[in-house]
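Given next are the chains, with one letter for each unit.
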Amino acid sequence: MAFYLLYIAVAVALFGFMALFALFAVYAERKIAGFVQDRLGPMETGRYGSLQTFADILKLIQKEFITPSAADKILFAAAPVIIFTAVFLGFAVMPWAPGLAPAATNLGLFYVIAIISVDAIGLLMAGWGSNNKFSLLGSMRAVAQIVSYEIPAGIALISAVMIAQTLNLQEMTLNQGIQAETAPLFLGFLDVSKTGGLLAWHVFQAPHLLLAYVIFFIASLAECNRAPFDIPEAESELVGGFHTEYGGLRFAFIFLAEYAMMFLVAMIGVVVFLGGWNTPLPNIGSLKLAEWTTGPVWGVCWTLGKTLLIVGVQIWIRWTLPRLRADQLMTLCWKILTPMAFLCMAISGIWRVWAMG
Amino acid sequence: MFKTVLHAFVTAAKGLGLTLAHLFGARRSRKTRDVRQADYFEKQEGVTTVQFPREKMPIPEVARYQLDVEIDDCIVCDLCAKACPVDCITIESIKSPEVIGKTSDGSVKRLYAAKFDIDMAKCMYCGLCTVVCPTECITMTDQYDRSTVSLSDLTYSFSEMAPEDIEAKKQEWTRFQAEKEAAKRG
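Calculation criteria
Residues numbered from 1 in each chain as written. Chains lettered and ligands numbered in written order. Predicted model: local features only at pLDDT ≥ 70, side-chain atom pairs only at ≥ 80, totals over all residues. Helix = DSSP H or I, 4+ residues; strand = E, 2+ residues; numbered from the N terminus. Rg over C-alpha atoms; globule rule 2.2 N^0.38 Å. Buried ≥ 20, exposed ≤ 12 C-beta atoms within 10 Å, placed from the backbone. Contact = placed C-beta atoms within 7 Å. Nonpolar A, V, L, I, M, F, W, Y, C, P; charged D, E, K, R; others polar. Expected span 1.5 Å × (residues − 1). Pairing = 2+ DSSP bridges. Axes fitted to C-alpha atoms, helices over the stretch in contact; angles between N-to-C directions. Core = buried A, V, L, I, M, F, W, Y, C linked by C-beta atoms within 7 Å. Domains from an automatic or database assignment.

Moving on: the overall build of chain B. A count of helical and extended segments in chain B gives four helices and seven strands. Along its sequence from the N terminus, chain B presents helices and strands in the succession α-β-α-β-β-β-β-α-β-β-α. Over its C-alpha atoms chain B spans a radius of gyration of 28 Å, topping by over 25% the 16 Å that the globule rule assigns to 186 residues. If one aligns the C-alpha atoms of chain B with their principal axes, the spans along those axes are about 110 × 35 × 30 Å. When the 186 residues of chain B are sorted by exposure, 12% land in the buried category.

So, in structure tokens, the structure goes:
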């Protein structure tokens, strides 16, 4: 019985974290957007507008459920649930610290990638169920984009998995630091199992994974419908894309899922390529920085810190780069990212056989 | 392909650098707020937002915002109302049997302004009324912040006559007319 209670407690804690993160990220997004454009962003609600997103969510919660009369009632109501659940379930296998992961399954990475794909069905349901041309157009674009970009993202991840030799995210993280069972090799030849830190991360174990990480990062932007790949939402041309007809709590859940997705893909990148909860500080001689900064609390701090940094970069990119056209989007995916990802995978194979023995 | 990719990265990095510079530049606020200063457009760094009710942009004394009427100088010629493209000025005049007085520039006043209403909600701030006014009694002021809760508050009444005054002056004019008629017949 206590067993199930723990499960529920973990789920509630994760949900709470997601909600808090979404509130914080929306505020950060608006502030960064403001600063980048020489504005101030929200300033009126609370000190420096810090209570703005709490006020927003309070407003959304109070609103009435409005279903358009022409909408497909069941699909319309079910879509936000599916979109949110898909992202929420993704968090189930993400490692936070040494020995701290909701579920350290052996198929962790495969599971995350699979469960994120369910998101596309939710988006299509939202667009189709709304019975609105903008929504349908948006969701068609979303599905085309997500399905396409899963290929370079997946292959980039596979090239890291070939180096790591595991799909278990907890083990994968473990092998990128000082607690590794098989010695991590910096650039393929230097044993850094005693030094750890930055040097043991996957991107530095095999330098072509840096390219793989860039590919994954670009593809992950497209997967969570972030600018410059936000053509499914495209506020300026499609009103709001697939969520045009949504309001109140349903919209809040779609929005929450979107921001949670940002965090999730950033976290996958961090775990697979950037050492997860491992510290970036290496041991230098008698200065055992890596050993001092490894532990459950440090682990959570590093995971959060790295992931928030990547989320920050996502926001920064959103307010810099203009939106791609649909055909440019597909060109980038199929003609550039996919071949590059295949190249990375090929190098990984060679690396595995010759460099790592 | 590699050339295109490289180009994409270089241009993206350039753009990201620019936005990052602005992101960190936002710690400062723009000092020069007065558009009349010569170097106004040279200052490109820092936050431009003016947090309005708490801080205001400097405006010239001769700024052309809301209308004001010096009713003592008005000869009720109705030219402003005729010039107004949006018909936001409504004037009602009452004739007077004799000269009422003089305006500050010496024009003779022969009409009472029973009603001189300007609907600022309609006004488009073209300033044509101020151009045609012979006594320069209708002017544009530097007042621009006149938010009200009711639309009718935006109709400014400049007439200073009380209703009984208006009634008295009207009767006076009808009596004068009647007397003139009687004198003609008689």
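We now examine the interface of chain B and chain A. Taken together, the contacts link 15 residues of chain B with 12 residues of chain A. Of the residues assigned to the side of chain B that touches chain A, the class counts are eight nonpolar, seven polar and no charged.

Here we come to helix 1 (residues 2-25) of chain B. Taking 1.5 Å as the rise per residue, helix 1 of chain B with 24 residues should run 34 Å; its terminal C-alpha atoms sit 34 Å apart, in good agreement. Of all 24 residues in helix 1 of chain B, two are buried; the element is thus mostly exposed.

Attention now moves to the sheet that holds strand 7 (residues 155-157) of chain B. Residue and element names in this part refer to chain B. Sheet architecture is open: three strands sit in the order 2-5-7, paired in antiparallel fashion. What marks the edges here is a single partner per strand, and that holds for strand 2 (89-95) and strand 7. Going from strand to strand, the sheet's axes swing by 15° on average, the running direction of each strand aside. Here helix 4 (residues 163-185) sits on the sheet and contacts strand 2 and strand 5 (111-119); the angle it forms with strand 2, its principal contact strand, is near 50°.

All right, on to the nonpolar core then. If you look at the biggest cluster of nonpolar residues, it comprises 94 residues, and the most contacted ones within it are A156, I215, L256 and A260 of chain A. Ranked by residues supplied to this core, first place goes to helix 10 (residues 248-273) of chain A with 20 residues. Of the domains in this structure, domain 1 (1-62) and domain 2 (71-355) of chain A are the two that each give at least three residues to this core. Those residues in contact with A156 of chain A that lie beyond four places of it in its chain are A212, I215, F216, A219, A341 and C344 of chain A. Judged by nonpolar contacts, the second largest core, of 19 residues, contains L67, V76, C80 and C137 of chain B.

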